[in-house]
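Report on the structure
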Amino acid sequence: MPNPILSTILPLVFATAALAQSAPPPAAQDIPWPVMLGARLNLCQQNRPVVSRVVLVPDADTWLDEMARWSPAGQWPVLFESDPHAAAFIRGFRPEEIVRVPATDRRLPADADRRKVRMLQAIRASWGGRPDQPVLERFAEIRWEPPGFAVTSPGDPAWPAAVAIAAARGVPLVFIDENLGDANEIMDEPMLGALETRLRSAAADIARRSSDAVRSAIAAADPDAVQPPGGYEWDGLGDLLDAVAICRELPGRVRYRPPAGAVVPKVRPTDRPDGPFATTDALCRGDDGERWAYAGWIWGDEARAANTAMSSIFLDRRNLWFVSGYPKNGDWATFGVESCAAWAAERGYASLYFDDEEADRESWDKLLRGGIPADVLFLNSHGNPPEFHLFGNEKVRPTHVPFSSHPMALSMVHSFSLQRPDDVNTVGGRFLDRGVYAYIGSVDEPY
């Protein structure tokens, strides 16, 4: 069980770290922004103890009630008992105890605004906030600077992912309620522009309110204290907000014309300059096309969304597999996996690689009998949405995608694999259906 004393010392830990970050030495300015973001999240994780327990709940009402029990003294995974991937998560997490909680009598209100209040209350409680205290005020008290924000709608079934990420990572929750379309659809440019405007407005508002809350907290602690100059910046990488977790349904692809000179993946620019591009790649960019943050995306029903978020928060990623169906000659050799596996092993990862005959159809099908045990799979292939090719150009259908023995992250080099991510008859859709919780892949040809 977590030590309640930690809830007392946690504010001091965060305050000390934040004060140290507020005036970094000149050398710190040269640290790449992803390293700084990782360090901030690691600080959060290390100071919020994990309880070796998995709680299984029967419904969304009980799930939110259980999440409201998180505190600075401890947090633990909360899954839906109906989730077909709950057992795989338990195998990966290996808890000391599994607890089944009966249905709560405290039902979620039908009114959207009241549902939002309940979600925000759970997040505030997880950080030890006072009743009705805005979470940004609580962050200011402990000098925690949110590294991003989560986005959802109370009417979208993926809302549990947003609550879990906000509570675990120390980020505010933003609500965007409009219907944006289905995951397999293509967003148009006007809708992309409207959504981008909403995200920028949210980021600017969070930065302003965070800065005001910090100033108020400093003045309350010491009226004569020198206030920090200026406010928080958000519109570039390496500042306050660098990550946006979108936890709701929206089209996975978008057609739009990127600004001239923008660094975006090229998709047959001679005949299709408007893409389609990945929606998450098109979002969180300024008018010049430069990124101000990176967006991630979770959608699906309540059980799947909760499992996806809990997997990203609680599971280890130390066992890496590299599989390449490409030949080792010509341009294909650029994607060789042997050197990648060696690089990972030198840095302490458990690492295996498979290429040539070890990456053919027969070798792949052996995985169907036992599942893929990797925490992260790097897979090189090619093909179309309903197929991928292994060594010797052998074609594999989505039905030959193995189940993961525990939740797995996947980085797949394969054009079109995520063209229709909610279609189990496509490569990407089947991987997601069979236990992949994090996926970096392509929505179109060739990037």
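As a convention, each chain's residues are numbered from 1 in the sequence order in which they are written. Residue-level local features of this predicted model are given only where pLDDT is at least 70; pairs of side-chain atoms are given and counted only at 80 or more, and the full residue set underlies all totals for whole chains, interfaces and linings. The basis for the side-chain values is all heavy atoms of the structure; hydrogens and waters are excluded.

**Some points on the pairing of strand β17 (residues 436-440)**
To keep things clear, this is the line we draw: At least two DSSP bridges between two strands are required for those strands to pair. Each helix corresponds to a stretch of at least 4 residues labelled H or I by DSSP, and each strand to a stretch of at least 2 residues labelled E; elements are numbered beginning at the N terminus. Handedness of a crossover: with both strands directed away from the viewer, a clockwise path from the first strand across the helix to the second marks it as right-handed.
By the bridge criterion, four bridges tie strand β16 (residues 408-413) to β17 in an arrangement that is parallel. Within the sheet, the bridge partner assigned to M408 lies in β17 and is V436. Crossover β16 to β17 through helix α13 (residues 427-433) is right-handed.

**Considerations on the environment of R215**
The criterion, for reference: Categorising residues by exposure relies on relative accessible area from a 1.4 Å probe, with only protein chains included: less than 20% of the type maximum marks a residue as buried, more than 50% marks it as exposed, and the intermediate range marks it as partly exposed. In what follows, a contact means two residues having at least one pair of non-hydrogen atoms within 4.5 Å.
Mapped onto the fold, R215 is located in helix α8 (residues 189-221). Residue class for R215 comes out partly exposed when judged on its relative accessible area of 26%. If we skip the residues at most four places from it in the chain, R215 touches Q227, P228, P229, G230 and G231.

**Quick notes on α8**
Heads up, the rule is: Given a helix with a known number of residues, its expected span is that number minus one, times 1.5 Å. Here a polar contact is recorded for every N or O atom pair within 3.5 Å, except that within protein the pair must consist of a potential hydrogen donor and a potential acceptor, and residues adjacent in sequence are included only if both atoms are side-chain atoms.
In a regular helix each residue adds 1.5 Å, so 33 residues correspond to 48 Å; α8 covers 48 Å between its end C-alpha atoms and thus fits that length. Where α8 begins, the capping side chain belongs to D188, and its oxygen is found 2.9 Å from the backbone nitrogen of M191.

**Structural notes on a nonpolar patch on the surface**
Just so we agree on the cut-off: To count toward a patch, a residue needs a relative accessible area above 30% and no salt bridge. Like charges then connect within 9 Å, nonpolar side chains (Val, Leu, Ile, Met, Phe, Trp, Tyr) within 5 Å. Accessibility throughout is a Shrake-Rupley quantity obtained with a 1.4 Å probe, and a residue counts as covered only by protein chains that appear here. Should a side-chain nitrogen of Lys or Arg be within 4 Å of a carboxyl oxygen of Asp or Glu, the pair is scored as a salt bridge.
Taken together, the side chains of I31, V35 and M36 present a nonpolar region at the surface, about 220 Å² in accessible area. Mapped onto the elements of the fold, M36 is located in helix α2 (residues 33-46). Classification of M36 by relative accessible area gives partly exposed; the value is 32%.

**Considerations on the pattern of salt bridges**
Evaluation of the coordinates by the stated rule reveals 28 salt bridges. R107 is the salt-bridge partner of D61, the closest N and O atoms lying 3.0 Å from each other. Of this pair, D61 sits in helix α3 (residues 60-67) while R107 sits in the loop between β3 (97-100) and α5 (112-126), and the two are 46 residues apart along the sequence. Between R200 and E196 there is a salt bridge, and its shortest N-O distance comes to 2.8 Å. Highlighted residues: R200 and E196, both in helix α8, separated by four residues, approximately one helical turn. Overlapping salt bridges, with partners in common, bring together D205, R208, R209 and D212 in one network.

**Digging into the packing of helix α7 (residues 159-169) against helix α10 (residues 302-314)**
The following threshold applies: Only C-alpha atoms enter the line fits that serve as axes; for helices the fit covers just the stretch in contact. Angles between N-to-C directions range over 0 to 180 degrees. If an angle is under 35 degrees, it is roughly parallel; if it is over 145, roughly antiparallel; if it lies from 65 to 115, roughly perpendicular; otherwise it is oblique. Two helices that cross are described as forming a left-handed crossing if the nearer one is turned anticlockwise from the farther one by less than a right angle, and a right-handed crossing if clockwise. Note on residue categories: nonpolar means Ala, Val, Leu, Ile, Met, Phe, Trp, Tyr, Cys or Pro, charged means Asp, Glu, Lys or Arg, and polar means any other residue, Gly included.
Two elements in contact, α7 and α10, have axes whose closest approach is 7 Å; the angle formed by their N-to-C orientations is 25 degrees. Judged on the interaxial angle alone, α10 and α7 are roughly parallel. Both α7 and α10 take part in a crossing whose hand is right-handed. Taking contact as the criterion, the partners of W159, P160, A161, A164, I165, A168 and R169 in α7 are, on α10, E302, A305, A306, A309, M310, S312 and I313. Here the contact of α7 with α10 is built from residues that sort into 11 nonpolar, one polar and two charged.

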